[in-house]
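Structure at a glance
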Amino acid sequence: SNTNERTLVFSLFTKNTFIGNTINISKPKKYSLINNQIITQEKSLEITLFSLAIFNSLVIDYIARFMIQIHANKTYLMRLPIPQPSAEEINNNPIYKKLMLNALKLTLYYNYEDFKELAEKFNLKKEDIPKTDKQLDLMKIENDCLVAKLYDINLEELKHICLGFKVLKNKYPQYLEMLLDKYE
């Protein structure tokens with residue numbers, strides 16, 4: 001609801017993590033029917049990281065606030081207009097790739113040691129990860145701007161979206177100010 005700072009918060013969980021009953025967890029999978037058998041394939045890490053960036057954006061959070069009252073049940077998440085590119089499309093699209101890598105860098109900021117192998121897989125070094133809260137905010141803002149552009153949102157529409165985040169504006173007014181300043 002708009003009485004919270006954010007409606008949606010998505011994250012990667014470390015291996016062997018216990019999840020309580022009020023947290024949704026999903027391991028992205030693709031289901032295919034081949035020779036009358038349902039085949040399950042895990043989606044790529046690129047898709048997971050890209051989705052993490054999209055779901056954590058203010059734009060998607062704003063849309064979700066019109067549906068979600070208390071719990072962000074999967075039924076609401078399935079209604080959100082989320083792009084679903086393949087791993088190849090993510091790697092070939094500079095905006096998608098930037099969102100994916102930023103999502104990983106933000107994850108590494110909070111927990112480098114448990115996700116170190118992901119850093120290595122994507123050739124990220126410790127110096128690629130934000131070091132300060134300001135650098136962290138700038139990377140989140142970059143993602144918010146990129147997602148807004150993906151949805152063809154103009155500056156006036158983004159200003160309107162920001163109005164829906166009263167708690168965020170009261171707690172971190174500089175975040176929304178920087179977001180609107182950086183949006184081109």
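Check the entry above for the structure.
Now for a quick tour of the structure. (Residues numbered from 1 in each chain as written. Predicted model: local features only at pLDDT ≥ 70, side-chain atom pairs only at ≥ 80, totals over all residues. Heavy atoms only, no water.)

**Regarding the overall build of the protein**
Each helix and strand in the protein was counted, giving ten helices and two strands. Reading the secondary structure of the protein in the N-to-C direction produces β-β-α-α-α-α-α-α-α-α-α-α. Here the protein has a C-alpha radius of gyration of 17 Å; the compact-globule value for 184 residues is 16 Å, and the two agree. Dimensions of the protein along its principal axes, counting C-alpha atoms only, are 55 × 40 × 35 Å. Counting across all 184 residues of the protein, residues that qualify as buried make up 38%. Accessible surface, the protein: about 11700 Å² in total, of which carbon and sulfur atoms supply 50%. The distance from the centre of the 25 positive side-chain charges to the centre of the 22 negative ones in the protein is 4 Å. (Helix = DSSP H or I, 4+ residues; strand = E, 2+ residues; numbered from the N terminus. Rg over C-alpha atoms; globule rule 2.2 N^0.38 Å. Buried < 20%, exposed > 50% of the residue type's maximum accessible area, 1.4 Å probe, protein only. Areas by Shrake-Rupley, 256 points an atom, 1.4 Å probe, with all protein chains shown as cover. Lys, Arg positive; Asp, Glu negative; His and termini not counted. Charge placed at Lys NZ, Arg CZ, Asp CG, Glu CD.)

**So, the layout of surface pockets**
Space inside the second largest pocket adds up to approximately 840 Å³. Lining the second largest pocket are 29 residues, with Val 9, Asn 56, Leu 106, Tyr 110 and Lys 140 positioned closest to its centre. Only helix H1 (45-55), helix H5 (94-110), helix H7 (133-150) and helix H10 (173-182) provide two or more residues apiece to the lining of the second largest pocket. For the lining of the second largest pocket, the element with the most residues is H7, which contributes six residues. Broken down by class, the residue content of the lining of the second largest pocket amounts to 15 nonpolar, eight polar and six charged. (1 Å grid on protein atoms, 1.4 Å probe; cavity = no way out; pocket = protein on both sides within 12 Å on 5 of 7 lines; lining within 4 Å. Points joined across faces, edges and corners; volume = space filled by probe spheres on them. Nonpolar A, V, L, I, M, F, W, Y, C, P; charged D, E, K, R; others polar.)

**Here we look at the pattern of salt bridges**
This structure, assessed with the given rule, holds five salt bridges. One salt bridge in this structure joins Arg 6 and Asp 61, with 2.9 Å as the shortest N-O distance. Of this pair, Arg 6 sits in the segment before strand E1 (29-34) while Asp 61 sits in helix H2 (residues 58-64); the two residues are 55 residues apart in sequence, bridging distant segments of the chain. Using a relative accessible area of 0% as the deciding quantity, one classes Asp 61 as buried. We note a salt bridge from Lys 98 to Glu 142, for which the minimum N-O separation is 3.8 Å. In this pair, Lys 98 sits in helix H5 while Glu 142 sits in helix H7, placing the two residues 44 residues apart along the sequence. Connected through salt bridges with shared partners, the residues Arg 6, Asp 61 and Arg 65 form a single ionic network. (Salt bridge = Lys/Arg side-chain N within 4 Å of Asp/Glu carboxyl O.)

**Things to note about a nonpolar patch on the surface**
There is a patch of nonpolar side chains on the surface, built from Tyr 31, Leu 33 and Ile 38 and spanning about 400 Å² of accessible area. Position of Leu 33 among the secondary structure elements: in strand E1. Residue classification places Leu 33 among the exposed residues on the basis of a relative accessible area of 63%. (Patch = residues over 30% accessible without salt bridge, like charges linked within 9 Å, V, L, I, M, F, W, Y side chains within 5 Å.)

**Describing the packing of aromatic side chains**
Inspection of every chain in the model, using the stated rule, returns four aromatic pairs. Measuring from centroid to centroid gives 4.5 Å for Phe 10 and Phe 55, while their planes differ by 20°, and the two rings are stacked. A residue pair is termed long-range when its members are at least 10 positions apart, and Phe 10 in the segment before E1 and Phe 55 in helix H1 qualify at 45 residues. Phe 55 gets classed as buried once you look at its relative accessible area, which sits at 15%. Ring centres of Tyr 109 and Tyr 110 lie 5.0 Å apart, and the angle between their planes is 90°; on these two criteria the pair is classed as edge-to-face. The class for Tyr 110 is exposed, based on a relative accessible area of 54%. Directly above the aromatic system of Phe 122 lies the positively charged group of Lys 121, at a separation of 5.6 Å from the ring centroid. A cation over a ring is seen here: Lys 149 above Tyr 183, with NZ or CZ 5.5 Å from the ring centre. (Phe/Tyr/Trp six-rings, centres within 6.5 Å; stacked < 30°, edge-to-face > 60°. Lys NZ or Arg CZ within 6 Å of the ring centre and 35° of its normal.)

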